[in-house]
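# Geometric and topological summary
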Amino acid sequence: MRGAGVIGIAAGCALLVVSGITVHGQVEAASQRLKTGVAAAVKPAVAIANDAEAPYCTPAFKTVLQRVLNACGLVGTESRRGCQPADVKTLASISDDDFNALFTPLRNRGGVVMFDDGSEKLDEEGRKMVEEMWLDRRGARYFFIVARASKTGTPEFNRTLSHKRANSVLFDIADRTKDQELDKKVGMLWLGNEFAQLGAEYCQWNISRKDKACTAEAINRSAFVSWVDCQL
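Quick look at the structure, then.

## Describing helix 4 (residues 96-103)
Within the sequence span of helix 4, burial applies to Phe99, Asn100, Leu102 and Phe103. Relative to the axis of helix 4, the buried residues are bounded by an arc of 150 degrees and lie together on one face. If you follow the buried residues of helix 4, they end up packed against helix 2 (59-72), helix 3 (85-90), strand 2 (142-147), strand 3 (186-190) and strand 4 (222-228).

## What about the pairing of strand 4?
In terms of burial, strand 4 is a largely internal element, 7 of the 7 residues being buried. Here strand 4 shows a buried face lined by Ser222, Phe224, Ser226 and Val228 and a second buried face lined by Ala223, Val225 and Trp227. Taken together, the 4 bridges between strand 1 (residues 111-114) and strand 4 define a ladder with antiparallel strand orientation. The residue of strand 4 that forms the bridge with valine 113 is alanine 223. Where strand 2 lies against strand 4, 6 bridges are found, and the strand directions are antiparallel. Bridging from a neighbouring strand, isoleucine 145 pairs with valine 225 of strand 4.

## Let's talk about the sheet that holds strand 1
The strand order across the open sheet formed by 4 strands is 1-4-2-3, and the pairing between neighbours is mixed. The open sheet is flanked by strand 1 and strand 3, the only strands paired with a single partner. Put simply, the sheet's adjacent strands are angled 20 degrees from each other on average, direction ignored. Inspection of the sheet shows strand 2 paired to strand 3 by 5 bridges, in the parallel sense. Residue pairing in the sheet places isoleucine 145 in a bridge with methionine 188 of strand 3. Its contacts with the sheet put helix 6 (residues 155-177) on strand 2, strand 3 and strand 4, and the angle it makes with strand 3 is roughly 160 degrees.

## Thoughts on the state of the cysteines
According to the stated counting rule, one finds 2 disulfides in the structure shown. Cysteine 57 shares a disulfide with cysteine 230; S-S distance 2.0 Å. Residues cysteine 57 and cysteine 230 are joined through a disulfide that is left-handed, its torsion about the S-S bond being -95 degrees. A residue pair is termed long-range when its members are at least 10 positions apart, and cysteine 57 in the loop between helix 1 (2-42) and helix 2 and cysteine 230 in the segment after strand 4 qualify at 173 residues.

## Some thoughts on helix 2
With 14 residues, helix 2 extends 20 Å between its outermost C-alpha atoms, agreeing within 8% with the 20 Å of an ideal straight helix rising 1.5 Å per residue. Considered for burial, the residues of helix 2 that qualify are Phe61, Val64, Leu65, Val68, Leu69, Ala71 and Cys72. On its buried face, helix 2 sits against helix 3, helix 4, strand 2, strand 3 and strand 4.

## Comments concerning the pattern of salt bridges
For side chains bearing opposite charge, pairing can occur when the charged atoms are close. In the structure shown here, the tally under the stated rule is 10 salt bridges. The partner of aspartate 229 in a salt bridge is arginine 109, and the shortest N-O contact between them spans 2.7 Å. Of the two residues, aspartate 229 is situated in the segment after strand 4 and arginine 109 in the loop between helix 4 and strand 1; the sequence distance between them amounts to 120 residues. We classify aspartate 229 as buried; its relative accessible area is 4%. Under the relative-accessibility criterion, arginine 109 is labelled buried at 5%. Close ionic contact of aspartate 136 with arginine 138 constitutes a salt bridge, the shortest N to O distance being 2.9 Å. Via salt bridges that share partners, Arg109, Asp136, Arg138 and Asp229 belong to a single interconnected network.

## Section: the nonpolar core
With 37 residues, the main nonpolar core has Val88, Phe99, Phe144 and Leu189 as its most contacted residues. Residue assignment for this core shows that the elements contributing at least two residues are helix 2, helix 4, strand 1, strand 2, helix 7 (216-219) and strand 4. When residues in this core are grouped by element, the largest group, 7 residues, is from helix 2. For leucine 189, the residues in contact, after removing those within four places along its chain, are Val68, Cys72, Cys83, Val88, Phe99, Phe144, Ile145, Val146 and Ala147.

## Focus on the environment of methionine 188
Here methionine 188 is to be found in strand 3. Relative accessible area serves as the criterion here: at 0%, methionine 188 is assigned to the buried category. Note: C-alpha distance between methionine 188 and leucine 69 (119 residues apart in sequence) is 9.9 Å.

Cut-offs used in this document
Residues numbered from 1 in each chain as written. Predicted model: local features only at pLDDT ≥ 70, side-chain atom pairs only at ≥ 80, totals over all residues. Heavy atoms only, no water. Buried < 20%, exposed > 50% of the residue type's maximum accessible area, 1.4 Å probe, protein only. Helix = DSSP H or I, 4+ residues; strand = E, 2+ residues; numbered from the N terminus. Arc of directions from axis to C-beta. Contact = heavy atoms within 4.5 Å. Pairing = 2+ DSSP bridges. Axes fitted to C-alpha atoms, helices over the stretch in contact; angles between N-to-C directions. Disulfide = S-S within 2.5 Å. Expected span 1.5 Å × (residues − 1). Salt bridge = Lys/Arg side-chain N within 4 Å of Asp/Glu carboxyl O. Core = buried A, V, L, I, M, F, W, Y, C linked by side-chain atoms within 4.5 Å.

If you want it as C-alpha cells, here you go:
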C-alpha cells in the first residue's frame, strides 16, 4: 500500500513537471508571437518612388531642366507663370540649341500638336494627341506645353499666337480633367518664332497630323507636349 502511494506521488510530480514545461513553452511561444507581431506592426513599409526615373535623366539634362523649371513656372511659385522667349534667354540662360537639346530625349515620350497657319484652334487629331499624352503620365511630375509659331508674320504677332496655342492645350486639359491643381503640374512656354525654331527633321517625331505634308514651316506651327519623368 505504501509502495502504491509512493508511485502515485512520483507520477503526480512527473505530471506537474511536464505541465510546467508545457505552460512555459506556451508562454514563450506567445511572447515570441507578440514580439514578432509588434515588430511587423512598427516595421516601416518599403519606400516607393512617386516618379519613375527615365534613362534620359542625365545630370546635364537635369541641370537644364532645373533652370527651365525655375524660370518658367513649376518651382518656387504658387501657380503657373510660364515663359516667353525673353524669359527663356535671360532667366533660364539657355541658347536655342540647349533648349532643343532639352526636349530631344523626349522624342519617344511626347507629341507635337500641329495647328493651321495663323490659328490656335485644336483640331480633332490635336485634341486626341493631347488626351493621349496627358493620360500617359507614368508617375511623372511635370507636364510641359511648349508652343511655337512659324516665321510668317511679325515677332509680336507670333509670340501672341504661340501663347494662344499653349493656352488652347491647357484649356483642353482643364476641360477634360477638372483638376484643381493643374497649375502645379503644367509648365507653359510660348516661344513665338524668335526662339528655338525646329528643323524639318522634327517631322519624324510623333506628330498629330500624320497624313499631311510636314515641312520646317509647318512643324513650327505647333505645341510640343510631354510629361518629364526626372526627379530633381
